[in-house]
Amino acid sequence: MSGFRLIAITPPYMYKGEAGHIEKALRGRFSRVHIRKPEATETEMRKLLDRIPEELRDRISLHDHHRLAKEYCIGRLHLNSRYPTAPDDWKGSLSISTHTPEEAMTAAGLEQYDYVLLSPVAPSLSKPGYRSQYSFGQLAAAASEKVVALGGVTDAMLPMLQEAGFGGAAMLTSAWQTTPDPEAFRLQFITHPATERDVTEGARLALEGGCRWIQLRHKDADHDTLLKEGLAIASLCRQHGATFIIDDHVELVEATGADGVHLGKNDMPVAEARRRLGPSVIIGATANTADELEAAAKAGADYAGVGPFRFTTTKEKLAPTLGVAGYEEIIRKKNERGIRIPIVAIGGITKQDIAAILHAGTDGIAASGTILTAADPAQATREIIDTINDSL
């Protein structure tokens, strides 16, 4: 996309390893990175900038603590409600945010701005319900080389934005977040120790049957047991190209090499886990209602396990069962509210239930006992995958 700016905007929170992600973005496909940290102290900002190679700092735009720009040889500043004007002696590039076509066209006509951001151009990925009051056609009428589209932007939208005449696109969620693989997401195997089969062996059999999403759930295991099981299952998942999620234990994600963590209602809050793990780690949440689903999405979850479908013996303290009608109602509200994270149905699901659950609008199903209690778990997994594919 020659001449089409691609900009990454950081999450508003600080997290471990962020400087490395910014460097990777700048050495990769992004022409610049906007560092937006509304709550960061100057000390925190200094620590972040210190870790970014000097030769890349000219391609950074600061949203906050503008006076650090000269000291760190930052090439760009972004104006906002917190910092509405640049320092008097500023000689570098400027950009500004706008939220209506009229504002964008007016700002784009001013020589002082290198470019302007116009948002949102699509329903937000990180803020359910946040969408433009204008049609895409109305927004596109303001497009020019100096107008950069922001808000809900995904890779799939880039050709459309360029064709509409926008001079670039800015990504927040999509720039950093690891999106769950839709095909792998369709069947999630959740380990369960209360069977004759070992936890790791159960995961191995599911993988042999074609499952490409494994969640290690072993509620009563101690730290050492979980670490041992996690390392073994992570290795198996790497061999099969599968996603590995660990249930509950945020502190074991890095230690086991897991792709992410799934958090129940009584586990660490999603927002806190997101701050600890950063945006590139998959975080799943548990929900029983549309309100809980919306809260999970707003907190930063990448997906939600919604259920239970029916009573299941593999989990204690169940929320009210949903049935197909319950999923249809949640999906209806999900669409009305602009909630964009995928959901996986969970809880007592059998092969005979799959078609109806997927037709209700869910993105996948989770299974445990249905696979583990089968005479041939690998074959049972293959049959479930065939049923899912036939139902799509």
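Check the entry above for the structure.
Residues numbered from 1 in each chain as written. Predicted model: local features only at pLDDT ≥ 70, side-chain atom pairs only at ≥ 80, totals over all residues. Heavy atoms only, no water.

**Q** Explanation requested: the sheet that holds strand β1 (residues 5-9) in the structure shown.
**A** Spatially, β1-β2-β3-β4-β5-β6-β7-β8 is the arrangement adopted by the 8 strands of the closed barrel, whose pairing is parallel. Strand-to-strand twist across the sheet, computed as the mean angle between neighbouring axes with direction ignored, equals 25 degrees. Two strands pair when backbone bridges link them, and strand β3 (residues 60-62) and strand β4 (residues 76-79) are joined in this way by 2 bridges, in the parallel orientation. For S61, the partnering residue across the bridge sits in β4 and is R76. Each of β5 (93-98), β6 (115-118) and β7 (147-150) is contacted by helix α4 (residues 101-108), which is oriented at about 175 degrees to β6, the strand it contacts most. (Pairing = 2+ DSSP bridges. Helix = DSSP H or I, 4+ residues; strand = E, 2+ residues; numbered from the N terminus. Axes fitted to C-alpha atoms, helices over the stretch in contact; angles between N-to-C directions. Contact = heavy atoms within 4.5 Å.)

**Q** It is not clear to me how the pairing of strand β2 (residues 32-35) should be interpreted in this structure. Could you clarify?
**A** Of the two faces of β2, the one carrying R32 and H34 and the one carrying V33 and I35 are both buried. Pairing of β1 with β2, which is carried by 3 bridges, proceeds in the parallel orientation. Its bridge partner being in β2, I9 is matched across the sheet by H34. As defined by bridge partners, β2 adjoins β3 across 3 bridges and the pair is classed as parallel. When the bridges of β3 are listed, V33 appears paired with I60. (Buried < 20%, exposed > 50% of the residue type's maximum accessible area, 1.4 Å probe, protein only.)

**Q** Help me understand helix α13 (residues 290-299), please; the structure alone is not making it clear to me.
**A** Along an α-helix, residues three or four apart share an orientation, since each turn contains 3.6 residues. For α13, the full list of buried residues reads A290, L293, E294, A296 and A297. Taken around the axis of α13, the buried residues stretch over an arc of 160 degrees, which confines them to a single face. Within α13, the exposed residues directed more than 90 degrees away from the buried face are D291 and K298. Where the residues of α13 are buried, they touch α12 (270-277), β13 (282-287), β14 (303-306), α14 (323-336) and β15 (343-345). (Arc of directions from axis to C-beta.)

**Q** Would you take a moment to explain the packing of aromatic side chains for this structure?
**A** When we look at a pair of aromatic rings, we describe it by the centre distance and by the angle of the planes. Taken as a whole, this structure holds 6 aromatic pairs when the rule is applied. Aromatic side chains W213 and Y303 sit 5.5 Å apart centroid to centroid with 90 degrees between the ring planes, which places their arrangement in the edge-to-face category. Taken together, the residues W213 in strand β10 (residues 213-216) and Y303 in strand β14 connect sequence positions 90 residues apart. Of the two residues examined, W213 and Y303, each falls in the buried class. Clustering of aromatic rings is evident, with ring pairs tying together F185, W213 and Y303. (Phe/Tyr/Trp six-rings, centres within 6.5 Å; stacked < 30°, edge-to-face > 60°.)

**Q** What is the right way to look at α12 in this model?
**A** Those residues of α12 lying buried are V270, A273, R274 and L277. For α12, the angular spread of the buried residues around the axis is 105 degrees, confining them to a single face. Residues of α12 that are buried in the fold lie against α11 (253-256), β12 (260-263), β13 and α13. Once α12 ends, the next one or two residues include G278, with phi positive near 85 degrees.

**Q** Is there a simple way to explain the nonpolar core in this structure?
**A** The nonpolar side chains of a soluble globular protein tend to be buried, and buried together. Core analysis: the largest hydrophobic core is formed by 58 residues, its most contacted members being F189, I214, I233, V261, L293, V306 and I365. Of the residues forming this core, the biggest block, 5 residues, is contributed by helix α10 (residues 223-240). Among all residues touching V261, those that are not within four sequence positions of it are I245, I246, D247, D248, H249, V250, V253, L277, I282, I283 and G284. Grouped together as the second largest cluster of nonpolar side chains are 47 residues, I60, A104, V153 and M157 included. (Core = buried A, V, L, I, M, F, W, Y, C linked by side-chain atoms within 4.5 Å.)

**Q** What should I look at first to understand the sheet that holds strand β11 (residues 243-247) in this one?
**A** The pairing of strands in a sheet happens through backbone hydrogen bonds and is either parallel or antiparallel. Ordered by their spatial adjacency, 8 strands build a closed barrel running β9-β10-β11-β12-β13-β14-β15-β16, and the pairing between neighbours is parallel. Along the sheet, successive strands turn relative to each other by an average axial angle of 30 degrees, direction set aside. Taken together, the 3 bridges between β11 and β12 define a ladder with parallel strand orientation. Its bridge partner being in β12, D247 is matched across the sheet by H262. Along the sheet face, helix α9 (residues 199-208) touches β9 (187-190) and β10 and points at about 170 degrees away from the line of β10. Taken strand by strand, α10 contacts β10 and β11, and its axis lies near 175 degrees from that of β10.

**Q** Before we go on, may I ask you to explain the environment of P193 in this structure?
**A** By the secondary structure assignment, P193 is in the loop between β9 and α9. P193 sits in the partly exposed class, given a relative accessible area of 34%. A sequence separation of 179 residues divides P193 from L372, and the C-alpha atoms of the two residues are 9.8 Å apart.

**Q** Is there a simple way to explain the packing of α9 against helix α17 (residues 377-391) in this structure?
**A** To characterise two packed helices, one gives the angle between the axes of the helices and the distance between these axes. Viewed as axis vectors pointing N to C, α9 and α17 meet at an angle of 45 degrees, and their least axial separation amounts to 7 Å. As the angle between them shows, α9 and α17 are arranged oblique. Note on packing geometry: the crossing formed by α9 with α17 is right-handed. Residues L205, A206 and E208 of α9 touch α17, and the partners they reach there are P377, A378, T381 and R382. Classifying every residue of the contact of α9 with α17 gives 4 nonpolar, 1 polar and 2 charged. (Parallel < 35°, antiparallel > 145°, perpendicular 65-115°, else oblique. Left-handed = near helix turned anticlockwise from the far one by under 90°. Nonpolar A, V, L, I, M, F, W, Y, C, P; charged D, E, K, R; others polar.)

None of the figures reported here should be taken as evidence of function without further support.
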